Amino acid sequence: MDNIAGTKSTLTWAVNLSVVALVFLWLFPTLGLFVSSFRTGDQISASGWWKSMFPSEQNYTLRSAAPDTQVQEGALYVIEGNLFAEGKGGEISVWGISSKEIDSFVPGDTAELRKGGTVTVDAAGNYRMENTEPFEGSRGTRVFVTAVSPPEFTTENYGRVLFSGSGNDKMAKAFFNTLTVTIPATIIPIVVAAFAAYALAWMDFRGRALLIAMVVGLLVVPLQLALIPLLKFHNGIGIGKGYLGVWMAHTGFGLPLAIYLLRNYMVGLPRDIIENARVDGATDFQVFTKIILPLSFPALASFAIFQFLWTWNDLLVAKVFLIDATGETTVMTNQIVELLGTRGGNWEILATAAFVSIAVPLGVFFAMQKYLVRGLLAGSVK
Amino acid sequence: MHPALQGLITIIVGVSGCIGYFYFSNQFLDKVLFPARGPNIGRNINRANLVRPWLFLFPALLALGLYLAYPVVETLRLSLTERVAGGGYTFVGLDNYKQLAIEPKFWEAVRNNLFWLLIVPAASTVFGLLAAQLTDRIKWGNLAKSLIFMPMAISFVGAAVIWKLVYDARPMGQEQIGVLNAIYVALGGDEPMTWLTIPFWNNFFLMVVLVWIQTGFAMVILSAALRGIPEETIEAAIVDGANPFQIFFKIKLPQISGTIVVVWTTITLVVLKVFDIVFAMTNGQWETQVLANYMFDKLFRANDWGVGSASAMVIMLLVLPILVWNVHNARKEMR
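The structure reproduced in this document is the subject of the present report. Fair warning: this is a prediction, and the values are worked out from it, not measured in the lab.

1. Concerning the interface of chain A and chain B
Move 1: Listed per partner, the contact involves 108 residues of chain A and 108 residues of chain B.
Move 2: For the pairing of chain A and chain B, the buried interface totals around 9,900 Å² over both sides, and the portion due to carbon and sulfur atoms is 81%.
Move 3: On the surface where chain A and chain B come into contact, there are 1 salt bridge.
Move 4: In this structure, K232 of chain A engages E74 of chain B in a salt bridge whose closest nitrogen and oxygen atoms are separated by 2.7 Å.
Move 5: Inspection of the region where chain A meets chain B yields 9 residue pairs in polar contact (both at pLDDT 80 or more).
Move 6: The element that contributes the greatest number of residues to the side of chain A that touches chain B is helix α1 (residues 12-36) of chain A, accounting for 15 residues.
Move 7: For the side of chain A that touches chain B, a count of residues per class yields 80 nonpolar, 20 polar and 8 charged.

And the structure:
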């Protein structure tokens, strides 16, 4: 648009660079958590996650095999092996045998051991200890190495958080609880709101304008106001804290937006189709289920995404209406907040737990972005 | 029973109950109450059509009334009462509000909320506008938009964890694993900072999280508005020799001012209700209290329903102008 009249914008490069910077800035925090969820706790506290993509130089304290594995070769007693545990590895740059001088030798050097004998270490971590007398003691010799390790990632955290964890670490139950809250809390308001929206869009009755204005007003009522009165109400009718209560609460809180979005969409449907159907003898119920509902699919999808994201990500409503003292019905957001309190330093658990809860909405987001954007536009631009 | 199975059963029961109501109530109306046959067929159809809108509306109205309208009234009533020992309530007039007025934590929350209200909508709108304007001009703009928009899908709690890692501080001498401190130390900062415990400024570190989330929303809406600008106006400006900055500030901006207001108020509403971020990151400590979290504290920790309801009414009062404005606009549109 700015390139018309033959003037090529000189800003193109600047624009591209600024967008790269902006996207980078917006992605960087999430990326950090994502990368951290694939690192072990030690790795996370040893170096910043942004360094994990590159080979890193680290100091390790390793131990040779114990003296009881020694073999006799002629006059020599020999212990051989590799310093690195299985699956790990790296390129040793310097090593030493005392914690004060961890860089006295380069790979291939032979060091004199204090207790007698010698040790030779190569770059890959293979070592050979030789002595003219048997090695003694119950543990191996300590070797201090500085090694460059390749980037290393693990899916262990996910295994722990999803399946094998204990207590607060385990998210499987919270995951299902969240799902149990979310799905009915998304579908029920759609059903309820679709009927109401149809009535407000295509049926003539007294008080319709007033009802529409009321819906618009209720759109912005903060749900904070509803907490105590509704908790009292739920306790009063005997459902207390539980799934039923949280579904009803989410339904109530989601309805104004649902009715508003759906009604605006339904009003725009072609009048001819509906009137023809009525002339042909269709009842309102038939018009609604056979014509309006299928045609309104985009609006239904928009609201479904909104409500899904909102109920999945919700903390306050679940805390007030669902989670009781036993904690059996905890949802993921609540469990993550608890983890923040009890395991604020264990980033590997925290990051993984957070990502398990983020993954589903992100998937929905990328799959159905079109409808989300459409709904946002219908909901706010007038 | 396995939680998944339990969930599935409840989903089926809940949803089919809902659909069942609409189906059977309509059947009842058409077949039993006012059947479309017999001597009074015309009258019956008319009557059925008088009743039907309310049949369609009934569940929605019930839920709206019970879950949104009634709580406003009830909260107002509760804010004027106090629980007495042994159950029951007494009317105490404005005592709860007086109690609020002398609590320093309340004023701290009000002060912080004002800062939130000033900064978050402004920053989100500006960043959103910037992102919208820039991404509209490049080839990979849609991908860029998608990525900037992505935090919208992340829960406030998830965002809190993400940003806590950014703000993480390790003791002096250790490797810094929080980006902010790593940069700070690399730039010559003498000591890693625990950003979230620095009074006053920590509020801004919390606001960054919400700005990060809301920018995508602002961008999407404003980008649509920018595209809706008639091209002739821009062409005319180019022909008259306007440079890109003049086009943006003098031609485009005035034409989307209405949308900017909508975005601004929508984000303002989000800010007024902000709870999760503060709850998860600082829980109102180190002078980061906000109204919604203050209210939650009063209601569920101090168990003081009177004062809690009073602070909820304060939030309602702040929302009220937007509510009136929205209703006014909606009515204007319908005419």
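2. Side note on the pattern of salt bridges
Move 1: In total, this model carries 10 salt bridges over all chains according to the counting rule given.
Move 2: We note a salt bridge from E73 of chain A to R128 of chain A, for which the minimum N-O separation is 3.0 Å. You can see E73 of chain A sitting in strand β2 (residues 71-73) and its partner R128 of chain A sitting in strand β7 (residues 126-131), a full 55 residues away along the chain.
Move 3: Residue classification places E73 of chain A among the partly exposed residues on the basis of a relative accessible area of 37%.
Move 4: Its relative accessible area of 25% is what places R128 of chain A among the partly exposed residues.
Move 5: Among the ionic pairs, E74 of chain B bridges to R77 of chain B, the shortest N-O distance being 3.2 Å. Of this pair, E74 of chain B and R77 of chain B both sit in helix α2 (residues 41-79), 3 residues apart, roughly one helical turn.
Move 6: On the accessibility criterion, E74 of chain B (8% relative accessible area) is buried.

3. Focus: the pairing of β7 of chain A
Residue and element names in this part refer to chain A.
Move 1: Every second residue of β7 is oriented toward a common face, the buried set being Y127, M129 and N131 and the non-buried set N126, R128 and E130.
Move 2: Here strand β3 (residues 76-82) pairs with β7 via 6 bridges, running antiparallel. The residue bridging N82 from the neighbouring strand is N126, located in β7.
Move 3: As defined by bridge partners, strand β6 (residues 118-121) adjoins β7 across 4 bridges and the pair is classed as antiparallel. Pairing of V121 across the sheet is with Y127, part of β7.
Move 4: Connecting β6 to the antiparallel partner β7 that follows it, the hairpin turn spans 4 residues, and G125 within it adopts a positive phi of roughly 100 degrees.

Cut-offs used in this document
In every chain, residue numbers begin from 1 and rise along the written sequence. Following the order in which they are written, the chains are lettered starting with A and the ligands numbered starting with 1. Local features in this predicted model are restricted to residues whose pLDDT is 70 or higher, and side-chain atom pairs enter the listing and the counts only when it is 80 or higher, whereas totals over whole chains, interfaces and linings include all residues. Side-chain calculation: all heavy atoms of the structure are included, whereas hydrogens and water are not. Contact definition: two residues touch when any of their heavy atoms are within 4.5 Å. The term buried area denotes the loss of accessible surface (1.4 Å probe radius) that occurs when two parts are joined, taken as the sum for both partners. Each salt bridge in this description consists of a side-chain nitrogen of Lys or Arg and a carboxyl oxygen of Asp or Glu lying within 4 Å of one another. What qualifies as a polar contact is a pair of N or O atoms within 3.5 Å, subject to a donor-acceptor requirement within protein and to the restriction that residues adjacent in sequence count only when both atoms come from side chains. The secondary structure listing takes helices from DSSP runs of H or I that are at least 4 residues long and strands from runs of E that are at least 2 residues long, numbered from the N terminus. Each residue is assigned to one class: nonpolar for Ala, Val, Leu, Ile, Met, Phe, Trp, Tyr, Cys and Pro, charged for Asp, Glu, Lys and Arg, and polar for all the others, Gly among them. Under the scheme applied here, a residue whose accessible area is under 20% of the maximum for its type counts as buried, over 50% as exposed, and between as partly exposed, the area being computed with a 1.4 Å probe on protein chains only. A pair of strands is treated as paired once DSSP finds two or more bridges between them.

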